[in-house]
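One letter stands for each residue in the lines below.
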Amino acid sequence: MTSSAVSLSMPTVPRRRRTPEDVSAAAPVSGPKKVLLAAPRGYCAGVDRAVIAVEKALEHYGPPVYVRKQIVHNVHVVSSLEEKGAIFVDETDEVPEGALVIFSAHGVSPAVVQSAEERGLRTIDATCPLVTKVHKEAVRFANDDFDILLIGHDGHEEVEGTAGEAPEHIQIINGPHEVDQVTVRDPEKVIWLSQTTLSVDETMETVRLLKERFPTLQDPPSDDICYATTNRQVAIKKISPQADLVIVVGSANSSNSVRLVEVALEYGAKASYRVDFANEVDETWFEGVSTVGVTSGASVPEVLVKDVLRLLADYGYGTVEEVVTAEEDLLFSLPKELRATLKEAGDVSRALGGRRSRS
């Protein structure tokens with residue numbers, strides 16, 4: 001599942017680690033040591049599609065290729081693409097007029113699209129199709145004059161993009177604690193939508209409280225929280241009751257990775273930590289630990305998980321049991337702007353993003 005864009009070795013940070021013997025002496029472990037490895041984990045189809053889009057754009061158009069925001073929320077992926085010639089910017093006004101810019105997997109508002117057009121930029125829209133679905137729902141219900149309650153994290157790129165579709169109709173709700181602050185024009189015309197990478201349990205608690213206030217609150221036509229977020233949370237829920245420690249590989253700005261740490265603790269893990277790289281793992285976490293759960297967020301390449309497994313093996317956790325709770329085989333076509341270029345060039349390699357196409 002690893003691609004050329006995410007095959008760099010983990011950064012080397014000088015540090016003096018305690019030896020496995022020292023760790024065992026500090027807190028002996030009762031019982032055999034093992035790792036419970038969550039499946040599914042790591043790359044989802046939308047992330048894979050977006051990363052391939054940048055790779056292919058660099059290959060066919062040549063560097064530099066500009067990308068608005070991080071293409072996906074992962075430090076390693078972004079730095080790898082930068083080495084290939086991608087330039088990441090915060091806004092389109094940082095892109096030279098007439099240059100090529102790719103919109104990230106998290107989506108953009110109509111105002112961003114208009115800004116790019118005004119600057120004469122060539123664009124490739126790598127928005128995840130599941131995020132696009134939420135955008136279309138927002139437009140549809142705004143056109144029907146509904147008040148839209150968007151459950152999500154204010155300031156997150158995905159939420160900014162969705163809210164920008166109909167700002168006069170959308171209120172952002174960060175969680176259950178903000179339900180009491182919600183006001184609507186007509187309680188009979190209210191619907192909720194959500195960011196795709198939220199905690200399933202917390203989102204449904206927010207919805208429950210909203211329905212207490214607005215009994216006729218409508219549900220979205222289909223689930224907004226994406227399959228990958230849900231599947232990774234289900235997997236870690238199964239592992240956590242058996243785990244003394246859960247390690248989540250993912251970046252700090254990855255909403256779904258941060259949620260996995262919270263879910264692990266909520267469902268019984270004695271401890272849980274998030275790391276970008278294996279060298280961030282603190283060996284003192286292993287004291288007294290016999291079972292370690294390992295998973296990764298939906299924007300994390302498998303090479304980073306393997307680095308963590310190698311480190312765990314060095315400390316005696318060489319037995320790895322994969323806990324499978326779902327099979328994922330969803331594929332997404334590459335952005336239409338890029339498909340046309342690839343077709344013209346006769347490039348038929350990697351036309352789809354998803355788990356099967358990267359294995």
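Notes on the structure follow.

Thresholds, definitions, all that
Residues numbered from 1 in each chain as written. Predicted model: local features only at pLDDT ≥ 70, side-chain atom pairs only at ≥ 80, totals over all residues. Heavy atoms only, no water. Helix = DSSP H or I, 4+ residues; strand = E, 2+ residues; numbered from the N terminus. Rg over C-alpha atoms; globule rule 2.2 N^0.38 Å. Buried < 20%, exposed > 50% of the residue type's maximum accessible area, 1.4 Å probe, protein only. Areas by Shrake-Rupley, 256 points an atom, 1.4 Å probe, with all protein chains shown as cover. Lys, Arg positive; Asp, Glu negative; His and termini not counted. Charge placed at Lys NZ, Arg CZ, Asp CG, Glu CD. Axes fitted to C-alpha atoms, helices over the stretch in contact; angles between N-to-C directions. Parallel < 35°, antiparallel > 145°, perpendicular 65-115°, else oblique. Contact = heavy atoms within 4.5 Å. Nonpolar A, V, L, I, M, F, W, Y, C, P; charged D, E, K, R; others polar. Polar contact = N/O pair within 3.5 Å; in protein donor to acceptor, adjacent residues only side chain to side chain. 1 Å grid on protein atoms, 1.4 Å probe; cavity = no way out; pocket = protein on both sides within 12 Å on 5 of 7 lines; lining within 4 Å. Points joined across faces, edges and corners; volume = space filled by probe spheres on them. Expected span 1.5 Å × (residues − 1). Pairing = 2+ DSSP bridges.

Brief notes about the overall build of the protein
Thinking step 1. Tallying secondary structure elements over the protein gives 12 helices and 14 strands in all.
Thinking step 2. Taken against the 2.2 N^0.38 rule, which gives 21 Å for 359 residues, the C-alpha radius of gyration of the protein at 22 Å falls within 12% of a compact globule.
Thinking step 3. With the C-alpha coordinates aligned to their principal axes, the bounding extent of the protein is approximately 65 × 55 × 35 Å.
Thinking step 4. A burial count over the protein gives 54% of its 359 residues as buried.
Thinking step 5. Summed over its atoms, the accessible surface of the protein is roughly 15200 Å², and 50% of this surface lies on carbon and sulfur atoms.
Thinking step 6. The average position of the 37 basic charges and that of the 55 acidic charges among the side chains of the protein differ by 5 Å.

Examining the packing of helix α2 (residues 45-61) against helix α3 (residues 75-84)
Thinking step 1. For the pair α2 and α3, the least separation of the axes is 10 Å and the interaxial angle reads 10°. Classified by the interaxial angle, the pair formed by α2 and α3 is roughly parallel. For the pair α2 and α3, the contacting residues are Val51, Val54, Glu55 and Leu58 in the first and Val77, Leu81 and Lys84 in the second.
Thinking step 2. Class assignment for the residues of the contact of α2 with α3 results in 5 nonpolar, no polar and 2 charged.

Focus: the environment of serine 30
Thinking step 1. Looking at the secondary structure, you find serine 30 in the loop between α1 (20-26) and β1 (34-39).
Thinking step 2. Serine 30 sits 259 residues away from valine 289 along the chain, and the two C-alpha atoms are 8.2 Å apart.

Some points on the side chain of serine 240
Thinking step 1. Of note, serine 240 is situated in the loop between α8 (227-239) and β9 (245-249).
Thinking step 2. According to the relative accessible area criterion, serine 240 is buried, its value standing at 0%.
Thinking step 3. Polar side-chain contacts of serine 240 include one of 2.6 Å to the backbone oxygen of isoleucine 236.
Thinking step 4. In this structure the side chain of serine 240 is engaged in a polar contact, spanning 3.5 Å, whose partner is the backbone oxygen of alanine 264.
Thinking step 5. Residues in contact with serine 240, not counting those within four places in the same chain, are Val246, Ala264, Tyr267, Gly268 and Ala269.

Observations concerning the layout of surface pockets
Thinking step 1. Considered as a void within the structure, the largest pocket measures approximately 450 Å³ in volume.
Thinking step 2. Lining the largest pocket are 23 residues, and of these Asp125, Thr127, Thr132, Lys336 and Glu337 sit closest to its centre.
Thinking step 3. Counting only elements with at least two residues in the lining of the largest pocket, the list comes to α4 (110-118), β5 (122-125), α5 (129-143) and α11 (336-345).
Thinking step 4. Top contributing element to the lining of the largest pocket by residue count: α5, with 6 residues.
Thinking step 5. Counted by class, the lining of the largest pocket contains 9 nonpolar, 5 polar and 9 charged residues.

Here we look at the side chain of threonine 203
Thinking step 1. Among the structural elements, threonine 203 can be located in helix α7 (residues 200-213).
Thinking step 2. At 2.8 Å, the side chain of threonine 203 and the backbone oxygen of serine 199 are in polar contact.
Thinking step 3. Discounting residues that sit within four places of it in the chain, threonine 203 has contacts with Ile151, Trp192, Ser194, Leu198 and Ile225.

Focus on helix α10 (residues 302-314)
Thinking step 1. Taking 1.5 Å per residue as the helical rise, α10 with its 13 residues ought to reach 18 Å, and the 19 Å between its terminal C-alpha atoms agrees with that figure.
Thinking step 2. Looking at α10, one finds that the buried residues are Glu302, Val303, Leu304, Val305, Asp307, Val308, Leu309, Leu311 and Leu312.
Thinking step 3. Packed against the buried residues of α10 are β1, α3, β9 and β11 (291-296).
Thinking step 4. Of the residues trailing α10, glycine 316 is marked for its positive phi of about 95°.

Some points on the sheet that holds strand β6 (residues 147-151)
Thinking step 1. Reading across the sheet, the 3 strands line up as β7-β6-β8 and stay open at both edges, with parallel pairing between neighbours. Two strands bound the open sheet, and with one partner strand each, they are β7 (170-173) and β8 (190-194). In this sheet, neighbouring strand axes are inclined to one another by 25° on average, regardless of whether the strands run parallel or antiparallel.
Thinking step 2. Inspection of the sheet shows β6 paired to β8 by 5 bridges, in the parallel sense. Across the sheet, residue isoleucine 148 finds its bridge partner in β8, namely isoleucine 191.
Thinking step 3. Each of β6, β7 and β8 touches α5; the most contacted strand, β8, lies at about 165° to it.
Thinking step 4. Docked against the sheet, α7 engages β6, β7 and β8, running at close to 150° with respect to β6.

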